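A look at the structure
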Amino acid sequence: MSNRRAGYRTLTTHRLFWPVVVLVVMLAANTVYRPGFLSVQMRDGHLYGSLIDILRLSAPLILVALGMTLVIATGGIDLSVGSLCAISGAIACLYISRQPDQNSLGGVLTALALGVGVALVLGAWNGVLVAVIGIQPIIATLILMVAGRGLAQLITEGQILTINSSPYKAIGVGHLLTLPLAIFIALAVALLVAAVTRRTALGMIIESVGGNAQASRLAGLRSGRITFLVYVISAACAAVAGFMITANVSSADGNAAGLWVELDAILAVVIGGTSLAGGRFSLGGTILGALLIQTLTTTVYAMNISPQTSLLFKAVVVIAVCLIQAPGFRARFARRRAPAAAPAPATEQPKEQVPA
């Protein structure tokens, strides 16, 4: 009995237990509301269904959240990823729109290279501000968050750039082996990041820098270079996510593309068990957090919740997940539920003997 109780306690205290429970509950609620929610159909050689849509739509968020995980693991934050999505998508769409043949694969690849290149330069700018100059990460990336959105609108001249490129559109809505191509792109990036951080010493070095940058520096680690590197990786992930976002609608909107994706990415990282204080991180937890947030968004729309209250509903669910996941909150709640111990009966003290 004690072993079973210990196993149950170990399971419930795992950092991913409650996010998985909430995800299962939301899927069950959707199934009750729409009995065909879990059904997957094959049409024209492609798989379709609500579950497939959740995986496809969560791909950009997974990419952004993976880069955000590494940044947060070093004790930083990157608020500019939404603007980087808009900039990379705007550059790619602008280049493709000026090509005589928008379906040219070479032109599309060049557009992607330009978008990633500019994103890497801007990510390096964030890295220099944080690692070299020493500006607080939230301030350094807030600068690009504001200026980058203006740069994206400058690239598009304040208009919505519409393109008609089948190769570029395939990034967002194309299919490979019956599944959306976006799922494979997100999976490939996740495996690449996992291989680099878990099969080499880079992941341990990132955790060391996030745990104590000064001690890591004294131990011989170049913490400034590691900090610079994670912002560049985050920018690259945001660039690929920007391609997906713009490819979904075959257009680039400098004002709306990637709007508030940085907040969803931070929530996904926190739900996945990575501390905002830096240190240990979990890539699998981040992916689970991104899936949970996208499932929540799909649930809000599926249940016809009004747009005015959808953000509030989303915030309440996320707060609930974070609270039940926090060890301190669970411990305090457990203490309140525990019955108060009965006071010990008072023992009568012997009377002091007064000498005659």
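See the structure printed just above.
Residues numbered from 1 in each chain as written. Predicted model: local features only at pLDDT ≥ 70, side-chain atom pairs only at ≥ 80, totals over all residues. Heavy atoms only, no water.

Points about the overall build of the protein
What the protein contains, in helices and strands, is 15 helices and 6 strands. Within the protein, the proportion of its 356 residues that are buried is 43%. Sequence separation of 24 or more characterises 77% of the internal contacts of the protein that already satisfy a separation of 6 or more. On the protein, roughly 18800 Å² of surface is accessible, and the fraction owed to carbon and sulfur atoms is 66%. (Helix = DSSP H or I, 4+ residues; strand = E, 2+ residues; numbered from the N terminus. Buried < 20%, exposed > 50% of the residue type's maximum accessible area, 1.4 Å probe, protein only. Contact = heavy atoms within 4.5 Å. Areas by Shrake-Rupley, 256 points an atom, 1.4 Å probe, with all protein chains shown as cover.)

A few points about the pairing of strand E1 (residues 40-43)
For a regular strand, side-chain orientation follows a simple rule: the groups alternate between the two sheet faces. The pairing of E1 with strand E2 (residues 46-49) spans 4 bridges and is classified as antiparallel. Following the sheet pairing, valine 40 is matched in E2 by glycine 49. Here E1 folds back onto E2, and the loop between the two strands holds 2 residues, one of which, aspartate 44, carries a positive phi near 55 degrees. (Pairing = 2+ DSSP bridges.)

Let's talk about the environment of glycine 210
On the secondary structure map, glycine 210 appears in helix H9 (residues 202-211). Taking C-alpha positions, glycine 210 is 9.7 Å from phenylalanine 281, a pair spaced 71 residues apart along the chain. In contact with glycine 210, not counting residues within four places along its chain, are Ala73, Thr74, Gly75, Ala277, Gly278 and Gly279.

Things to note about the nonpolar core
Val64, Met68, Tyr168, Ile171 and Ile206 are the most contacted members of the largest nonpolar core, which has 81 residues in total. Discounting chain neighbours no more than four positions away, the residues touching valine 64 are Val81, Cys85, Ala238, Ala241, Val261 and Ala265. (Core = buried A, V, L, I, M, F, W, Y, C linked by side-chain atoms within 4.5 Å.)

Describing helix H12 (residues 261-271)
Taken across its 11 residues, H12 has 8 buried, putting it largely inside the fold. All of the buried residues in H12 are Val261, Glu262, Asp264, Ala265, Ile266, Ala268, Val269 and Ile271. Once H12 ends, the next one or two residues include glycine 273, with phi positive near 100 degrees.

Description of the side chain of threonine 299
Positionally, threonine 299 belongs in helix H13 (residues 283-302). For threonine 299, a relative accessible area of 4% puts it in the buried group. A distance of 2.7 Å separates a polar atom in the side chain of threonine 299 from the backbone oxygen of threonine 295. If we skip the residues at most four places from it in the chain, threonine 299 touches Met26 and Asn30. (Polar contact = N/O pair within 3.5 Å; in protein donor to acceptor, adjacent residues only side chain to side chain.)

Brief notes about a nonpolar patch on the surface
On the surface, Ile138, Ile139, Leu142, Ile143 and Val146 cluster together into a nonpolar patch covering about 430 Å² of accessible area. Within the secondary structure, leucine 142 is located in helix H6 (residues 137-155). (Patch = residues over 30% accessible without salt bridge, like charges linked within 9 Å, V, L, I, M, F, W, Y side chains within 5 Å. Salt bridge = Lys/Arg side-chain N within 4 Å of Asp/Glu carboxyl O.)

Points about the packing of aromatic side chains
On inspection of all chains with the given rule, the structure shows 0 aromatic pairs. The residue whose ring lies beneath arginine 43 is tyrosine 48, and the NZ or CZ to ring-centre distance is 4.4 Å. Cation over ring: arginine 198 sits above phenylalanine 281, and NZ or CZ is 4.2 Å from the ring centre. (Phe/Tyr/Trp six-rings, centres within 6.5 Å; stacked < 30°, edge-to-face > 60°. Lys NZ or Arg CZ within 6 Å of the ring centre and 35° of its normal.)

Side note on unusual backbone geometry
Even without a glycine there, the phi angle at glutamate 157 is positive, about 60 degrees. Judged by its relative accessible area of 64%, glutamate 157 falls in the exposed class. With a phi angle near 65 degrees, tryptophan 260 is a residue other than glycine that sits in the positive phi range. The partly exposed category is assigned to tryptophan 260, whose relative accessible area is 48%.

Re helix H4 (residues 81-97)
Compared with an ideal rise of 1.5 Å per residue, which puts 17 residues at 24 Å, H4 spans 24 Å between its outermost C-alpha atoms and is within 8% of the ideal. For H4, the buried fraction is high: 15 of the 17 residues fall into the buried class. (Expected span 1.5 Å × (residues − 1).)

Structural notes on the pattern of salt bridges
Considering all chains together, one arrives at 1 salt bridge under this definition. One salt bridge in this structure joins glutamate 207 and arginine 198, with 3.3 Å as the shortest N-O distance.

Regarding the packing of helix H8 (residues 181-198) against helix H11 (residues 223-249)
Their axes nearest at 11 Å, the elements H8 and H11 cross at an angle of 175 degrees. It follows from the interaxial angle that H8 and H11 lie roughly antiparallel. Residues Ala182, Ile185, Ala186 and Val189 of H8 touch H11, and the partners they reach there are Cys237, Val240 and Met244. In the contact of H8 with H11, the residues fall into 7 nonpolar, no polar and no charged. (Axes fitted to C-alpha atoms, helices over the stretch in contact; angles between N-to-C directions. Parallel < 35°, antiparallel > 145°, perpendicular 65-115°, else oblique. Nonpolar A, V, L, I, M, F, W, Y, C, P; charged D, E, K, R; others polar.)

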